[in-house]
Amino acid sequence: MLRNRSPIAGSKADIMQRRMLAVATAVALGATALLGAAPASAAEPPPPGGYAYVALGDSEAAGTGLLPAVQMDCLRSIKAYPIVLAPTYGGVASHACAGATSADALTQARTAIAAGRLGAATELVTITVGMNDVGWQSVLLACSSSGTVPACQTAFDRAMLLGQSLPTSIGTIVATVRAVPGFDGSIAVGGYPLLFGDLATSCSIGSFQGTPIDVSPAQAALANLGVEQINLAIRAGAMAAGGTYVDIGAAFDGHGLCDTSGPWVSGLVNGQRTSDRSLHLNWPGQRAYAAAIVAAL
């Protein structure tokens, strides 16, 4: 987070503040400056001291499922929130990858540090990871109309048990970044949006392998509870290690699946080129995620 220090013209804190104001403007304008803000290629030599902005995390940070993709191995999209934030920093070194766990994000951080992409000149590191540690999409399927009550409870209990290690895992990633010699930037650790609002009736979220999937109010409440618990674990790990937690749940209030304000998360999507978008942030959701980071900083 920004340090409390006297405003000195040209200081790192001043530069960071001006950049975040510019980012806020870009987000408000719909991130029209995306052109020319592509992620840094792994083959490009990093600038001295590293990139100003480095992104770590899983499919939410990669923008998985949103076309066009710019890196197929990790399903990174040009519409991912790091790309929304990138123009103000002259680009982003994104290591985000679909399917990444907290252990993978730690490897991403270490790789970025070893390659000189994350260093003393880095002003912002964003981290979004944790859901894959608990196998959350399996829980959602087990707790939908395609599963059973016993299967739902078993999957949920297992996810909550696995989530108990998240504070330590997230804290280790943040501490690894914070320990980089000369690093004095911000570390923003984002949570995950609640998938549903307060449902009065069953909600259709698309189809899976040709079978329509509905979610009852009780199932939606259980799914939201699970995300809230995971977010609490992520928050505890981030703050204990000196990171800034970004409350995505609050930012996305009113924009869950079946909410009348318009969802910022995609339901189950079919099609060879678009199925990866299922239960991930859509384009408005990626912009909202970027705005939440700006607000938190």
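Everything below is about the structure printed above this text.
Keep in mind that what you see is a predicted model, and the values were worked out from it rather than measured.

Overview of the pairing of strand β7 (residues 203-208)
For β7 and strand β8 (residues 211-215), the ladder comprises 4 bridges, and the chain directions are antiparallel. Looking at the pairing, S204 lines up with D214 of β8. Between β7 and β8, which pair antiparallel one after the other, the connecting turn spans 2 residues, and Q209 there sits at a positive phi close to 55 degrees.

Brief notes about unusual backbone geometry
A cis amide bond links L67 with the next residue in sequence, P68, at an omega value of 5 degrees. Note that P68 resides in the loop between α2 (59-62) and β2 (69-71). Even without being a glycine, L75 presents a positive backbone phi close to 55 degrees. Here L75 shows up in the loop between β2 and β3 (76-77). When its relative accessible area of 24% is taken as the criterion, L75 is described as partly exposed. If you check the backbone angles, C258 has positive phi at about 75 degrees while not being a glycine. Locating C258 in the fold gives a position in the loop between α10 (248-251) and α11 (283-296).

Let's talk about the state of the cysteines
Throughout the structure, instances matching the rule amount to 2 disulfides. Disulfide partner of C74: C97, at an S-S distance of 2.1 Å. Of note, the bridge from C74 to C97 carries an S-S torsion of about -85 degrees and is left-handed in sense. Residue C74 is located in the loop between β2 and β3, and its partner C97 is located in the loop between β4 (93-94) and α4 (102-114); the two are separated by 23 residues in the primary sequence. The two residues C74 and C97 agree in class, both being buried. C203 shares a disulfide with C258; S-S distance 1.5 Å. Where C203 bonds to C258 through sulfur, the torsion about that S-S bond is close to 60 degrees, and the disulfide is right-handed. Of this pair, C203 sits in strand β7 while C258 sits in the loop between α10 and α11, and the two are 55 residues apart along the sequence.

Rules behind the numbers
Residues numbered from 1 in each chain as written. Predicted model: local features only at pLDDT ≥ 70, side-chain atom pairs only at ≥ 80, totals over all residues. Heavy atoms only, no water. Pairing = 2+ DSSP bridges. Helix = DSSP H or I, 4+ residues; strand = E, 2+ residues; numbered from the N terminus. Buried < 20%, exposed > 50% of the residue type's maximum accessible area, 1.4 Å probe, protein only. Disulfide = S-S within 2.5 Å.

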